[in-house]
Amino acid sequence: MDKVDLKSLDMDGLLEFMAALGEPSFRARQLMHWMYEKRAASIDDITEYSKGLRQKLSECAYISSLKLRERVQCDDGTAKYLLALEDGLSIECVLIPDKERLTLCVSCQVGCAQGCGFCKTGTMGILRDLLAHEIVGQVLAVSELIEPGRITHIVFMGMGEPLLNLLEVAKAIVGTITGILGMSPRRITVSTCGVVPGILDLPSKAPGVNLAVSLNAASDHVRDSIMPINRCYPIAELVSACRKFPLKKGRTITFEYVLLKAINDSL
Ligand code: SF4
């Protein structure tokens with residue numbers, strides 16, 4: 001029988017798992033606390049459990065973590081991390097220091113199907129969506145590596161299109177990053193290439209997070225040529241969806257624009 005990765009279970013899943021082992025529900029809450037707040041790397045680290053319970057759990061379960069494959073320190077202060085997933089695939093995340101802020105840019109898919117003309121990930125195609133615990137795993141793995149630094153902001157701007165993996169992205173945000181790690185949704189930004197149905201869904205799935213839109217052109221003609229998504233959701237539809245995005249006082253939507261020579265750098 002394959003062992004269960006405890007990180008892959010949400011609170012309901014852990015309650016069910018512990019109940020199946022004949023354990024009371026508070027054991028599931030303890031497990032959540034040890035995995036995400038105490039950062040237990042293995043079941044043996046959970047010293048609050050008796051030796052017998054740790055042994056019983058270890059026979060049928062384990063705690064996964066993302067492993068560092070490579071770290072590249074850039075001259076501008078950013079650091080790139082290549083992390084290994086359990087199935088051997090790799091994902092990237094980037095740590096960006098800026099005065100008091102320490103922002104982690106996370107991935108939500110392995111590769112990306114969107115094929116934006118200016119993006120290296122877009123040339124890979126998509127291999128698979130990340131699961132919620134693999135998204136959170138990036139935050140935990142980099143947090144461990146930068147101790148005693150503390151990640152203050154998270155942006156979904158790494159590999160993949162977050163609004164095409166919204167269920168897992170929202171689970172990661174609501175279930176763990178805000179729910180357990182305690183980060184305010186105001187410090188989290190979801191960046192999209194322009195997936196209109198996802199923009200409309202985001203406020204109900206992950207309330208209070210910021211929206212960023214990778215725009216990169218002011219006309220459909222130019223945007224069509226560098227961002228294939230524009231042929232499905234042209235600029236007028238995109239802007240209309242943005243106008244419906246609920247914004248509290250003082251908050252804005254960010255529009256990103258990469259300047260490409262002789263393509264989108266003139267009026
Ligand atoms: S959506 Fe993002 S990750 Fe995907 S190809 Fe476009 S820029 Fe790259």
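What counts, and where the lines are drawn
- Residues numbered from 1 in each chain as written.
- Predicted model: local features only at pLDDT ≥ 70, side-chain atom pairs only at ≥ 80, totals over all residues.
- Heavy atoms only, no water.
- UniProt positions renumbered as here; feature names shortened; annotations may be inferred.
- Near = heavy atom within 4 Å.
- 1 Å grid on protein atoms, 1.4 Å probe; cavity = no way out; pocket = protein on both sides within 12 Å on 5 of 7 lines; lining within 4 Å.
- Sits in = over half its atoms within 2 Å of the grid points.
- Nonpolar A, V, L, I, M, F, W, Y, C, P; charged D, E, K, R; others polar.
- Domains from an automatic or database assignment.
- Buried area = accessible area lost by both parts, 1.4 Å probe.
- Salt bridge = Lys/Arg side-chain N within 4 Å of Asp/Glu carboxyl O.
- Polar contact = N/O pair within 3.5 Å; in protein donor to acceptor, adjacent residues only side chain to side chain.
- Points joined across faces, edges and corners; volume = space filled by probe spheres on them.
- Helix = DSSP H or I, 4+ residues; strand = E, 2+ residues; numbered from the N terminus.

- As annotated in an unreviewed UniProt entry, the chain carries the name Radical SAM core domain-containing protein and comes from marine sediment metagenome.
- For the chain, the Cofactor (unreviewed entry) comment in UniProt is given as "[4Fe-4S] cluster".

Notes on the site of the ligand
Then step 1. Within the structure, the ligand sits among Cys112, Gln114, Gly115, Cys116, Cys119, Gly122, Gly158, Gly160 and Cys193.
Then step 2. Given that more than half its atoms are within 2 Å of the pocket grid, the ligand belongs to the largest pocket.
Then step 3. A breakdown of the residues in the shell around the ligand according to their chemical character gives 4 nonpolar, 5 polar and no charged.

Overview of the domain arrangement of the chain
Then step 1. By domain assignment, the chain separates into domain 1 (4–62) and domain 2 (67–256).
Then step 2. The distance between the C-alpha centroids of domain 1 and domain 2 comes to 30 Å.
Then step 3. When the area that domain 1 buries against domain 2 is broken down by residue, the three leading residues are Lys7, Tyr36 and Arg39, summing to 60%.
Then step 4. Put simply, domain 1 and domain 2 have 0 salt bridges between them.
Then step 5. Scanning the region where domain 1 abuts domain 2 turns up 2 residue pairs in polar contact (both at pLDDT 80 or more).

Description of the layout of surface pockets
Then step 1. Of the volumes computed, that of the largest pocket is approximately 930 Å³.
Then step 2. If you trace the largest pocket, you find 35 residues lining it, with Cys119, Thr121, Met157, Gly158 and Met159 closest to the centre.
Then step 3. Elements with a minimum of two residues in the lining of the largest pocket: strand S4 (79–84), strand S5 (90–98), strand S7 (109–112) and strand S10 (188–192).
Then step 4. Sorting elements by how many residues they give to the lining of the largest pocket places S5 first, with 5 residues.
Then step 5. Among the residues making up the lining of the largest pocket, the classes are represented as 18 nonpolar, 12 polar and 5 charged.
Then step 6. Approximately 450 Å³ is the volume found for the second largest pocket.
Then step 7. Considering the residues around the second largest pocket, the lining is formed by 19 residues, among which Arg101, His153, Val155, Thr189 and Thr254 are closest to the centre.
Then step 8. Those elements that place two or more of their residues in the lining of the second largest pocket are S5, strand S6 (101–106), strand S9 (153–156), strand S11 (210–214) and strand S12 (254–256).
Then step 9. The residue makeup of the lining of the second largest pocket, split by class, is 6 nonpolar, 7 polar and 6 charged.

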